[in-house]
Amino acid sequence: MFRLKAIFLVGSAALLAVTGARPANSETDAAQLVQDAFEYYRGEASVARVEMTIHRPNWQRTQVMHAWTRGEEDSLFTIVEPAKDRGNGTMKKGNDMWSFNPKVNRIIKLPPSMMSQSWMGSDFSNNDLAKADSIIRNYTHEVIGEEIHDGQRVTIIESIPVPGAPVIWGKEILKIREDLVFLEERFYDEEGELVKTLLFGDIGLISGKLYPRLMTMKPADKPDHYTSVRYLDLAFPESLPGRIFTRAALRSPPFPEF
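Source: prediction; values computed, not measured.

What counts as what
Residues numbered from 1 in each chain as written. Predicted model: local features only at pLDDT ≥ 70, side-chain atom pairs only at ≥ 80, totals over all residues. Heavy atoms only, no water. 1 Å grid on protein atoms, 1.4 Å probe; cavity = no way out; pocket = protein on both sides within 12 Å on 5 of 7 lines; lining within 4 Å. Points joined across faces, edges and corners; volume = space filled by probe spheres on them. Helix = DSSP H or I, 4+ residues; strand = E, 2+ residues; numbered from the N terminus. Phe/Tyr/Trp six-rings, centres within 6.5 Å; stacked < 30°, edge-to-face > 60°. Buried < 20%, exposed > 50% of the residue type's maximum accessible area, 1.4 Å probe, protein only. Pairing = 2+ DSSP bridges. Polar contact = N/O pair within 3.5 Å; in protein donor to acceptor, adjacent residues only side chain to side chain. Contact = heavy atoms within 4.5 Å. Core = buried A, V, L, I, M, F, W, Y, C linked by side-chain atoms within 4.5 Å. Salt bridge = Lys/Arg side-chain N within 4 Å of Asp/Glu carboxyl O.

Asks: Can you break down the layout of surface pockets residue by residue, with the values?
Replies: Its volume calculated, the largest pocket comes out at about 410 Å³. Elements represented by at least two residues in the lining of the largest pocket include exactly β2 (59-70), β4 (89-93), β5 (96-101) and β6 (106-109). Residue contributions to the lining of the largest pocket peak at three residues, all from β5.

Now the structure itself:
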């Protein structure tokens, strides 16, 4: 979902033709590569069924969710399994987020003080969802290296926030394959210490496009903790109606079509 940025889903059919993106060699090229990769990943719209597993040293919990995204700013996630969690959901519109708990039948708008808290008990934060496109708007980008992955060139980009940007990370390091597939995103605090790493894996065809079917978020200071998100079904419609991204839909979401 989620990255789950989203938590978490993303792509554009037109970009399938870009199979040999040139390596970035300037700040402008690096910024364009980041934007192209993000648009390829997220796209105009997406509908998904995902399995999220939260792993801890002494226990593990798995949930199945339905997810919808539209553009860079709108998303809706709702739990369908297990039964005891069914109906719990999160909606994002722009930088605003709401959560719904069916047990109390209440929709709550999340205040800024809650944005750094865990999203649904996972290693993703509410901020990871709300700021999914922040890497495009609030950072400058520079190529710092290259490597090879499965025979393809991988560009390594360092992203630094612009002065005064409303972000929590001191920097991010991105690894992007030449076919625009994300491989890794590392998050650092203002002191330059690694906080967590998002890994993209199990790359294969989904709905006719290459896509990482597995994302895993790992905290740097807790080696036995991680949250994985696996796509079970995924489709990329040309558009989605606005009624999906409303508080009414958060309370009573539609059934996804794949």
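Asks: How would you summarise the packing of aromatic side chains if you had to cite specific residues and measurements?
Replies: For the structure shown, the criterion picks out eight aromatic pairs. Between the aromatic rings of Tyr-41 and Phe-182, the centroid separation amounts to 6.0 Å while the plane-to-plane angle is 85 degrees, which identifies the pairing as edge-to-face. Taken together, the residues Tyr-41 in helix α1 (residues 27-42) and Phe-182 in strand β10 (residues 182-188) connect sequence positions 141 residues apart. Assessed through its relative accessible area of 3%, Tyr-41 is described here as buried. Note on Tyr-211 and Tyr-231: the rings are 5.4 Å apart at their centroids and 80 degrees apart in plane angle, and the pair reads as edge-to-face. Taken as a pair, Tyr-211 in strand β12 (residues 209-219) and Tyr-231 in strand β13 (residues 226-235) lie far apart in primary sequence, 20 residues in all. The same class applies to Tyr-211 and to Tyr-231, which are both buried.

Asks: Help me get a handle on the pairing of β2, residues and values and all.
Replies: The pairing of strand β1 (residues 45-56) with β2 spans twelve bridges and is antiparallel. When the sheet's bridge partners are listed, Arg-56 is paired in β2 with Trp-59. What sits between the antiparallel neighbours β1 and β2 is a turn of two residues. Looking at chain direction, β2 and strand β3 (residues 74-81) are connected through seven bridges and run antiparallel. Bridge pairing in β3 links His-66 to Thr-78. Linkage of β2 to β3, two consecutive antiparallel strands, is achieved through a turn of three residues, within which Gly-71 is found at a positive phi near 60 degrees.

Asks: Account for the side chain of Thr-90, with residues named and values stated.
Replies: Residue placement: Thr-90 occurs in strand β4. Within the structure, the side chain of Thr-90 is placed 3.1 Å from the side chain of Trp-119, a separation counted as a polar contact. Ignoring sequence-local partners within four residues, the contact set of Thr-90 consists of Ser-75, Leu-76, Phe-77, Met-97, Trp-98, Ser-99, Trp-119, Met-120 and Leu-250.

Asks: So what's going on with the nonpolar core? Which residues, and what values?
Replies: Of all hydrophobic cores here, the largest spans 40 residues; its most connected members are Trp-119, Ile-176 and Tyr-231. Among the elements that make up this core, the one with the highest residue count is α1 (six residues).

Asks: Describe the pattern of salt bridges, listing the residues and the values that go with them.
Replies: Tallying each qualifying case throughout the model produces twelve salt bridges. Residue Asp-123 is joined to Arg-56 by a salt bridge in which the shortest nitrogen-to-oxygen separation is 3.1 Å. Taken together, the residues Asp-123 in the loop between β6 and α2 (126-130) and Arg-56 in strand β1 connect sequence positions 67 residues apart. Across the pair, Arg-56 and Asp-123 agree in class, each one buried. Its salt-bridge partner being Arg-70, residue Asp-74 comes within 2.8 Å of it at the nearest N-O pair. Take Asp-74: its relative accessible area is 11%, and that puts it in the buried class. Taken together, the shared-partner salt bridges connect Asp-202, Arg-213 and Arg-230 into one network.

Asks: Summarise the environment of Asp-74; cite the residues concerned and give the values.
Replies: With respect to the element layout, Asp-74 can be found in strand β3. Expressed as a C-alpha distance, the spacing of Asp-74 and Lys-92, which sit 18 residues apart in the sequence, is 5.4 Å. In this structure the side chain of Asp-74 is engaged in a polar contact, spanning 2.8 Å, whose partner is the side chain of Arg-70.

In short, the description is geometric, and any link to function would need to be established separately.
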